[in-house]
Amino acid sequence: MIDTEALRTQPELAGEHVVLTQLDETYFETTWKALQEPETIRLTGTHTRFTPEQIRTWLAGRRGLDDRADYAIVREEDRTHVGDLALTDVDRDNRSASFRIALNGPEFFGKGYGTEATGLLLDYAFGAVGLHRVSLEVFDHNPRAQRVYEKAGFVREGLQREALWWDGEWHDVVTMAILKTDPRP
């Protein structure tokens, strides 16, 4: 059984360099800017172009949900919003969820923020929430993210061939997952 109250109340999660805090409308400006960043868009494979009102409405609806957890990743030293991550598609019966993460732009890549945030969220998912399995999808043109996920303990499980059409080319989607019982750093 998973703890849906842990999802609903979504506590702040603190690490050495980042803090995960409830994603909400206070992060509109930086979220909107990230959605305009070409490299972030490419790495997430986002074809949809959102309006500011759609983003404001979506952010305002993040609090109090019991079927997902959406977190802002903020740098501990100055509370700069560096990205966001989420547990989505929570399956209560099978104690599983999907995972996604996006950093707000190249200035935040390669600094360890994603690695630390992923570890914090997995601790929360397997501990407080009580999940058994967390899975994700990553595009083949994002080997940096694949290395981060492997470092966190995710195992490659499969390949969806030519599942993303981007800039005139087909790209594969790599599927990965981690179990509560898998070794983690």
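All values reported here derive from a predicted model rather than from experimental measurement.

Caption draft 1: A look at unusual backbone geometry. Despite not being glycine, Arg-95 shows a phi value in the positive range, around 50°. Note on placement: Arg-95 falls in the loop between strand S4 (81-91) and strand S5 (96-103). On the accessibility criterion, Arg-95 (30% relative accessible area) is partly exposed. In this structure, Asp-167 takes a positive phi of about 50° despite not being glycine. Positionally, Asp-167 belongs in the loop between strand S7 (155-166) and strand S8 (169-179).

Caption draft 2: Structural view of the nonpolar core. Residues Tyr-124, Leu-131, Val-134 and Phe-154 are the most contacted members of the largest nonpolar core, which totals 40 residues. Looking at which element gives the most residues to this core, the answer is helix H5 (residues 113-129), with nine residues. If we skip the residues at most four places from it in the chain, Phe-154 touches Phe-99, Thr-118, Leu-122, Val-134, Leu-136, Tyr-149, Met-176, Ala-177 and Ile-178. By size, the runner-up hydrophobic cluster in this structure holds eight residues, among which are Val-19, Phe-28, Ile-55 and Val-74.

Caption draft 3: Quick peek at the pairing of S7. Sheet analysis places S7 next to S8, joined by eight bridges and oriented antiparallel. Within S8, the residue paired with Trp-165 across the bridge is Trp-170. Once S7 ends, the chain turns through two residues before running back antiparallel as S8, passing Asp-167 with a positive phi of about 50°.

Caption draft 4: Spatial organisation of the packing of aromatic side chains. A full pass over the atoms with the stated rule returns six aromatic pairs. For the pair Phe-99 and Phe-154, a centre-to-centre distance of 6.0 Å together with 35° between the ring planes defines the contact as tilted. Placement of Phe-99 in strand S5 and of Phe-154 in the loop between helix H6 (143-152) and S7 is noted, with a sequence separation of 55 residues between them. Across the pair, Phe-154 and Phe-99 agree in class, each one buried. Ring-pair connections join several aromatic residues into one group, and the members of that group are Phe-99, Tyr-149 and Phe-154. Above the face of the Phe-28 ring, Arg-56 is positioned so that its terminal group lies 3.8 Å from the ring centre.

Caption draft 5: Broad picture of H6. Taken together, the buried positions of H6 are occupied by Ala-145, Gln-146, Tyr-149 and Ala-152. The arc enclosing the buried residues of H6, seen along the axis, measures out at 125°, which places them on a common side. For H6, the exposed residues set more than 90 degrees away from the buried face come down to Arg-147 and Lys-151. Phi for Gly-153, located one or two positions after H6, is positive at around 110°.

The rules behind the values
Residues numbered from 1 in each chain as written. Predicted model: local features only at pLDDT ≥ 70, side-chain atom pairs only at ≥ 80, totals over all residues. Heavy atoms only, no water. Helix = DSSP H or I, 4+ residues; strand = E, 2+ residues; numbered from the N terminus. Buried < 20%, exposed > 50% of the residue type's maximum accessible area, 1.4 Å probe, protein only. Core = buried A, V, L, I, M, F, W, Y, C linked by side-chain atoms within 4.5 Å. Contact = heavy atoms within 4.5 Å. Pairing = 2+ DSSP bridges. Phe/Tyr/Trp six-rings, centres within 6.5 Å; stacked < 30°, edge-to-face > 60°. Lys NZ or Arg CZ within 6 Å of the ring centre and 35° of its normal. Arc of directions from axis to C-beta.

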